[in-house]
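Remarks on the overall topology
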Amino acid sequence: MEEFTARFTDCSGVERAWLQDLYSAVRDRLHPAVGASLRVPVEQLAEAVLRIVRRTVGSQSLPVSYTCVSVSELLSRQRTSCCSSLTWSTGQYRERAKEAEQALPSHKALPRTNLLLLGLLCDGRASGRRDGFWRVRDVTGSVHCEVLKSSPLWLGKLMLFPSWNYISQDAPGQESGYLELIECPVCVIPEPTAPDPAGTLSEVIGWRIHTLTQSLLCAQIQTLMTVSDVLHCSSDVVSFYGIISQRITLQEERGQTAGVQSLINAKDGVVERDLRVRLTLQDSEAPDQSLQVYLDLSQTPYIPGLIAGATVLLHDFQRKVSVVRNVYCCSLPMSCVTVTGFRSLEPRPPPPMMHLGRWARARAEQSAAGRVRVHVVCVLSLQLKWVCSLCGSVSRQAACTRTCPPCDSTSAVFQAEAKVAVDDGTGEAQVWFSTETVTELLSLGLTEWEGIQRHVRVKGHFRVYARGRNMVCDVDPDDPLVRYLCALCSSSAVSRQLCLTCTLRPHRPEKAHLRKVTRGDREFLTKFPQNEQLVGGVSEGTDRGLSVRKARQADDRRSAAPDPVEEVMGDPVRRLLTGAPGGGAQADEGVEEGGGTRDSRTRVEMKLIQPRSEDSSEAGLTNDITAMMLRQQVNRRKAVLYLTLTGLLIFTTAFLLGYVSFRGMCRLCVEEGEMVPVEDPAGPDQSTGAGVMYLGELRDMLKKYLNEEKIESTVRRVSRATHPTGSAEGNALASEILQNFQKLHMDHTWTDSHYATLQFPSRTQRNALWLVDAEGVELEEIPLDSADYCAYSAMGTATGGVVYVNYARQEDFEQLRALGVALNGSIAMARVGGGVSFAEKVWHAQEAGLVGILFYPDPADIPQDPRRLGLHGNAAISEHVHLGSGDPFTPGFPSFNHTQFPPTQSSGLPLIPAQPISANVASKLLSQLVGVACPRGWQGRLPYVRCVVGPEFSVGGRRVRMAVYNSMSPVLLNNIFASIEGKTEPDQYIIMGAQRDAWGPGAVKAGVGTAVLLELARTFGTMLQNGFYPRRSLLFVSWDAGEFGNVGATEWLEGYLSMLHLKAVAYFSLDQAVMGDDALSAYTSPLLADLIEGAIKQVDHPKHSGQSILSLAEAQGGWRSRIVKPLYLNSGAYSFTAFGGVPAMELRFHEEGRVYPFVNTQLDSAERVQELLQGRLGVVGRTVGELVGLMVLKLAHDLILPLDVTCYSTAALRLSAQLNQLSAELQVRGLSPQWVYRARGDYSRAAKTLQEAIKNTDIQDERMARLYNTRIMRVEYYFLSQYVSVVETPFRHVLHGRGDHTLSALTEHLALLRSQPQLFNEARFRQQLALFTWTLQGAANALSGDVWNIDNPF
């Protein structure tokens, strides 16, 4: 290895490590297989592989992002289907994927992965296989592959595969997967001799194949016989040509295994002992003519290339005739076999048409194949189920149900079986349809079939069967899916004409057996004869678009004609099943309407009913009695129906007569036009308020109307394409949401518009990154993706060494200073994550003196294995870097109507350039650093990187130059509003909102929140029509420009800041609500904590059916510690609390110990979210909607707002405890904490007094209730500091905000008294303590109520 890598002196550390991996792969996997036969050393073979890789890539640079993979690693580790290509750029792959998805709208292109695959192409013999298919092999194993273009010269050679698809298979009993070779493989070591210019076929090593010139070959073919000539000639020795349609070794027929000598140990190729092969040759001109040829290879090496589809020349073979007059050929010692090429086989002619009655009587034709044209009489049974791919037990919600012993498998396979009675006029039969043919039997489109699979996954198993003339189900007969299937099986869409290809299965005839039959209250005993069986199957089809076209044709047929199932079940169930495609097995069809054969490898089993005989006379009598009993039951039902209708008519007539007669005597009835006196106002109990329905009834109604399928379909619709702010896609989505709100018949819908200044990548100059020398000369440009950028980054260039700063937290920079690392003038390299936003990382870096910052996703924080739902190595994560929210060029005031404001900007705008990069780029830079070793806990998982902090490079004088050329642009923002007006207190709002825009598809970032928002609006609108009258108003808002720091929401807040604290009760953010299904987190204001407890008591955990979220959290250590978390800067709810003084909350389901890796990337699609949740995106989204809906119902229903006003006493108490511990140090400096103690006591007493007053007051008194609610609503607003500027310090909340006035800044400064007394600033501390104390005392005074209730010496 040292000799090989020593030739590459100018390589970086990453490139050198990649070369070592390549050498190891050649040495361990490839050289043992081909080194002996080619007689080349490992170093020479590795150089040949490297040369071919570079030639294929088209560049001298090494593809370090590609990982060498063996066949066994591909089969064992690659769990999902993928695509890999050395020759495609990222742009070319996206173009091809887009073209493929446009051609098949219901399918998604395979995700790309960077894997380098080399191996030998063989026909299976060298791998111990006897199927005659193409396979890719190395010393670790072999994998089946499909080749679009083939050549016999490829066999037995070492090949590089430039572009291929890997298709995984999860069904039990099948291989782990197979390959599809998109481009022709490239030979690593070509033949030593050049091809003959005269057209000679090159002789392959180890092949028993003749070398013929083109002229001689054509001359011989002209004199050869065809297969048809051999069948009708009388010669004993013949020479002919044909196409191989089947190859079978005779050992396989006898159940034996041929001995195979491994290619690794063989010097002359593969040797199989005692091998005899039977070939079935098809005439190239008459495909219906075939001939069997027997080859005796017991004394000669095996001939590669005898594969189905190969054209062969057979010279000097003996022609024989069997005792049943079948012609076949056998090889002689002088026989010769020549493989001339490969071509596709023409389809065989269809078998003849048959009649069921003929097959039932003709025993001699039991093994003959035939087609039957039948009519479906009825569906006898239909069974749908998901089975575990390991043990075969029923799988429910992606979990195996086997308990003894338990099975931990989470992979399942969908299975379907239907039993159908058919008739062709000559006889009857019972047909069994398997999974692949059930979908065509039921005339279902692809989307409907996948919808059924998705709903069956919840319960795991469904079975409907015929009882009398109806289809029934013993379990949950009211389930919408069961009702739909029963109606579908009984409809004319199924009872139609079919053409089936089948063969009669031979079986031993049995005597008729007795069976008891019950009809009504009578029992009958009759004989049932044993039925004949037919088994059908046709060859595998070659058109991969067949099932898609048939599904579309079925959809077209249903859209053109009225569907009886649609008439029975109505639109809801049809919409239930036509959702976007989810997980599930894809079914090919094996039956065809009207006639013709279908290409499928499925089997259709048929049982033929014998013609009526003396054994069946009793059955006929039974059928007559049954019909009579059914007619009697129908007559009884009609009589009961007529009597009921007559009674209703009499009652209605009598009621109307009585109403007309006594109407004038009713004093309470008021004629139209009469007026009610003003002096007689309606009392509290007579008002149309929240007392119409109980809260429990409203909860049940909410759970009833929430629809998880609508959530899933909306996520797919929103994330179907990128839709950034200001784009055509973003504006179209805004219009679509506004139209949806208008269709829901809201009380008010409107659009709130703003002009904001946003930052986008420049269209003329791309952001760039270079390696430069000490003089600043550019040595190498490191490519960056133009779509990756940090909004509101400072623009310009920066040059310096690279310092690894871990997560760029404040404590990380303190550790670097303690190590003596030079930070000034360097560029920071920071990991994504660590609980710190990009904006905070930039702020800390510029405070430390760095001139630029790069962000990268480390595999230790962000999963980066594309095979296990992770990022690929070339993906970067984008985020804005404005330390604030809203338009940074109108801080503290709204940007309405594009008004020209004075030139000002937010203090949170960064002063240094920032740029996101991929893990591969970060690995390239960090692997070249030298310097002090990283502190403990800083080590990431980048490959080939030794953790040092820099800033120097291993090559002296090298530095990094970064350039950011983003551009500012004014953009029109549109916030979409809809509202349901409250009946009692309409001026008090409960707000629900979600971000709408996204830089990528944004399934998690924008799709989930928008879907839950629309579903909640639809649900509350439906409840309104069914008796729900909210006491307070409900607002539903779709925010714009959320990717740039919640600009749309903040601009709206700035416009209504002076009145929101008087009207907004609470805000619920739905952004990023579903990032997993393990744990729930609530980022919330403490005022809303009690609401969370009430909601999680009543909602089941989405992953643990039957267990509430509260019970699971309590079992794991307490719900408050696990669920309740403080608000963070980039949260959609943060601005409402820290800037607007409105209690806010953001709910999120996530995975334990694993982050969702695709947020803020171009890979955030609905398919990846579904893959993470195993097809349960709708279930988890519905759980979020239910939690938010229950809390909103509580706030909208209760007379007194259920907010905990005592919660902030705890925070003040913690400060008091810290001041008490440092009382000695404070007294030395003449500082007294008594002010804080008094303010905290006043607030605690005021909060408790208010709670006691509410308990002791008649809450039915509307005036008192409104006074109390007004004081409760303003508590959050009271903690906005009135002593700082909203322009300079927008987040004024002393507990949740940011700035020197906050409690966190005060406690951090106070901690310096003991840790670093020399840094303690007494004047600054006095100001901080005064600002916090005055704010706390002001909140206590306001909470006390009227001024005459305030009594303190302050």
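Look a little higher up for the structure.
1. Some details on the side chain of Asp-812
Positionally, Asp-812 belongs in helix α20 (residues 810–819). A relative accessible area of 0% places Asp-812 in the buried class. The residues touching Asp-812, leaving out its near neighbours within four places in the chain, are Val-805, Asn-806, Tyr-807 and Trp-938.

2. Looking at the nonpolar core
Within the largest apolar cluster, 174 residues are counted, with the highest numbers of intra-cluster contacts made by Phe-741, Leu-769, Phe-855, Met-992, Phe-1020, Phe-1036 and Phe-1068. In this structure Met-992 touches Leu-1013, Leu-1016, Phe-1020, Leu-1034, Leu-1035, Phe-1036, Val-1037, Tyr-1067, Phe-1068, Val-1188 and Val-1192, once residues within four positions along its chain are discounted. One finds Leu-117, Leu-155, Tyr-166 and Ile-307 within the second-largest nonpolar core, a separate group that totals 46 residues.

3. Re the pattern of salt bridges
One pass over the structure, following the stated rule, counts 34 salt bridges. Linking Glu-985 and Arg-1032 is a salt bridge whose minimum nitrogen-to-oxygen distance equals 3.4 Å. Of this pair, Glu-985 sits in strand β45 (residues 985–995) while Arg-1032 is found in strand β46 (residues 1032–1039), placing the two residues 47 residues apart along the sequence. By the burial criterion, Glu-985 is buried, and Arg-1032 matches it. Glu-1015 serves as the salt-bridge partner of Arg-1018, at 2.5 Å between the closest nitrogen and oxygen. A residue pair is termed a helical-turn pair when its members lie 3 or 4 positions apart in one helix, as Arg-1018 and Glu-1015 do in helix α23 (residues 1003–1024) at 3 residues. Residue class for Glu-1015 comes out buried when judged on its relative accessible area of 4%.

4. Description of the state of the cysteines
In total, this model carries 1 disulfide according to the counting rule given. With a sulfur-sulfur separation of 2.1 Å, Cys-934 is cross-linked through a disulfide to Cys-947. Across the disulfide from Cys-934 to Cys-947, rotation about the S-S bond amounts to roughly -95 degrees, and the bridge is consequently left-handed. With a gap of 13 residues between them, Cys-934 in the loop between β41 (929–933) and β42 (948–953) and Cys-947 in the loop between β41 and β42 connect regions that are remote in the sequence. Free cysteine: Cys-83, not disulfide-bonded; nearest cysteine sulfur from Cys-82 at 7.5 Å. Take Cys-83: its relative accessible area is 5%, and that puts it in the buried class.

5. What to know about empty space enclosed by the protein
Taken as a whole and judged by the stated rule, the model has 8 cavities of 30 Å³ or more. Empty space within the second largest cavity amounts to approximately 90 Å³. Around the second largest cavity, the lining comprises 13 residues; the ones closest to its centre are Tyr-804, Tyr-856, Leu-926, Val-945 and Cys-947. For the lining of the second largest cavity, the per-class residue count stands at 8 nonpolar, 2 polar and 3 charged.

6. Overview of the packing of helix α26 (residues 1089–1096) against helix α31 (residues 1177–1197)
At a minimum axis separation of 9 Å, α26 and α31 run at an interaxial angle of 120 degrees. When the interaxial angle is binned, α26 and α31 end up oblique. Handedness of the α26/α31 crossing: right-handed. Facing Leu-1091, Ile-1092, Ala-1095 and Ile-1096 of α26, the residues of α31 in contact are Leu-1187, Leu-1190, Met-1191, Lys-1194 and Leu-1195. Each residue belonging to the contact of α26 with α31 can be placed in one class, and the counts come to 8 nonpolar, no polar and 1 charged.

7. Digging into the sheet that holds strand β4 (residues 118–122)
Ordered in space as β2-β8-β9-β6-β5-β4-β7-β10, the 8 strands form an open sheet in which the pairing is mixed. Bordering the open sheet on either side are β2 (82–85) and β10 (186–187), each of which pairs with just one other strand. Pairing geometry for strand β5 (residues 135–138) and strand β6 (residues 141–147), over 4 bridges, is antiparallel. Of the residues in β6, the one forming a bridge with Arg-137 is Ser-142. Docked against the sheet, helix α3 (residues 42–57) engages β4, β7 (158–160) and β10, running at close to 30 degrees with respect to β7.

Rules used throughout
Residues numbered from 1 in each chain as written. Predicted model: local features only at pLDDT ≥ 70, side-chain atom pairs only at ≥ 80, totals over all residues. Heavy atoms only, no water. Helix = DSSP H or I, 4+ residues; strand = E, 2+ residues; numbered from the N terminus. Buried < 20%, exposed > 50% of the residue type's maximum accessible area, 1.4 Å probe, protein only. Contact = heavy atoms within 4.5 Å. Core = buried A, V, L, I, M, F, W, Y, C linked by side-chain atoms within 4.5 Å. Salt bridge = Lys/Arg side-chain N within 4 Å of Asp/Glu carboxyl O. Disulfide = S-S within 2.5 Å. 1 Å grid on protein atoms, 1.4 Å probe; cavity = no way out; pocket = protein on both sides within 12 Å on 5 of 7 lines; lining within 4 Å. Points joined across faces, edges and corners; volume = space filled by probe spheres on them. Nonpolar A, V, L, I, M, F, W, Y, C, P; charged D, E, K, R; others polar. Axes fitted to C-alpha atoms, helices over the stretch in contact; angles between N-to-C directions. Parallel < 35°, antiparallel > 145°, perpendicular 65-115°, else oblique. Left-handed = near helix turned anticlockwise from the far one by under 90°. Pairing = 2+ DSSP bridges.

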